[in-house]
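For reference, the chains in residue letters:
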Amino acid sequence: SFPTRRSSDLIFEKLNDPEIVDMISSPQFEYSEQLLDIEFNNSFTQEEMAERAGISLRDFLDFEIGSTKHSIDEYRTVIEHIEKTLIENEEYIELS
């Protein structure tokens, strides 16, 4: 029988991964949290968020996880575009 690893062990292992540490401590991560707040507080799917942002789902997923391959200005532009579509459509907006 193989020993099983607890999921909490795997999470802590990932938290020591330099790539994950860099992503979480990056300025982009704060903006990804804003995207998640908008998404969850308004019950939007990832696909709906990508459509509202005017970007592909793949690109949205990169923004959502806090990828550092996008600049802070790109994050701001995506968030502003989503907020603009919500206001234009007179939809309820909850930012956080």
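Above this text is the structure in question.
Cut-off values and rules
Residues numbered from 1 in each chain as written. Predicted model: local features only at pLDDT ≥ 70, side-chain atom pairs only at ≥ 80, totals over all residues. Heavy atoms only, no water. Helix = DSSP H or I, 4+ residues; strand = E, 2+ residues; numbered from the N terminus. Buried < 20%, exposed > 50% of the residue type's maximum accessible area, 1.4 Å probe, protein only. Contact = heavy atoms within 4.5 Å. Polar contact = N/O pair within 3.5 Å; in protein donor to acceptor, adjacent residues only side chain to side chain. Expected span 1.5 Å × (residues − 1). Arc of directions from axis to C-beta. Axes fitted to C-alpha atoms, helices over the stretch in contact; angles between N-to-C directions. Parallel < 35°, antiparallel > 145°, perpendicular 65-115°, else oblique. Nonpolar A, V, L, I, M, F, W, Y, C, P; charged D, E, K, R; others polar. Core = buried A, V, L, I, M, F, W, Y, C linked by side-chain atoms within 4.5 Å.

**Here we look at the overall build of the protein**
Counting secondary structure elements, the protein contains six helices and zero strands. The N-to-C order of helical and strand elements in the protein reads α-α-α-α-α-α. In the protein, which comprises 96 residues, the share counted as buried stands at 28%. Taking contacts inside the protein between residues at least 6 apart in sequence as the whole, the part at least 24 apart equals 61%.

**Description of the side chain of asparagine 42**
If you trace the backbone, asparagine 42 turns up in the loop between α3 (27–41) and α4 (46–53). Note on asparagine 42: relative accessible area 12%, which makes it buried. Reaching out from asparagine 42, the side chain makes a polar contact with the backbone oxygen of isoleucine 38 at a distance of 2.9 Å.

**Things to note about α3**
The terminal C-alpha atoms of α3, which comprises 15 residues, lie 22 Å apart, in line with the 21 Å expected from a rise of 1.5 Å per residue. Those residues of α3 that sit buried are Gln28, Tyr31, Ser32, Leu35, Ile38 and Glu39. Down the axis of α3, the sector holding all buried residues measures 115°, keeping them to one side. In α3, those exposed residues whose orientation departs by more than 90 degrees from the buried face are Glu30 and Phe40.

**Quick notes on helix α5 (residues 57–64)**
Here α5 has its buried residues at Phe60, Asp62, Phe63 and Glu64. As for α5, its buried residues are in contact with α3, α4 and α6 (72–88). Trailing α5 by a residue or two, glycine 66 shows a phi angle of about 85°, which is positive.

**Here's the deal with the packing of α4 against α6**
Packing of α4 against α6 brings their axes to within 8 Å, and their N-to-C directions diverge by 95°. Put simply, α4 runs roughly perpendicular to α6. For the pair formed by α4 and α6, the contact residues are Met49, Arg52 and Ala53 on the first element and Val78, His81, Ile82, Thr85 and Leu86 on the second. Split by residue class, the contact of α4 with α6 holds five nonpolar, two polar and one charged.

**Some remarks on the nonpolar core**
Judged by nonpolar contacts, the single largest core of 14 residues is most densely connected at Leu35, Ile38, Met49, Val78 and Ile82. Where this core is concerned, the elements lending two or more residues are α3, α4, α5 and α6. Broken down by element, this core gets its largest block of residues, five residues, from α6. Apart from residues lying up to four places away in sequence, valine 78 is in contact with Leu35, Ala53, Ile55 and Phe63.

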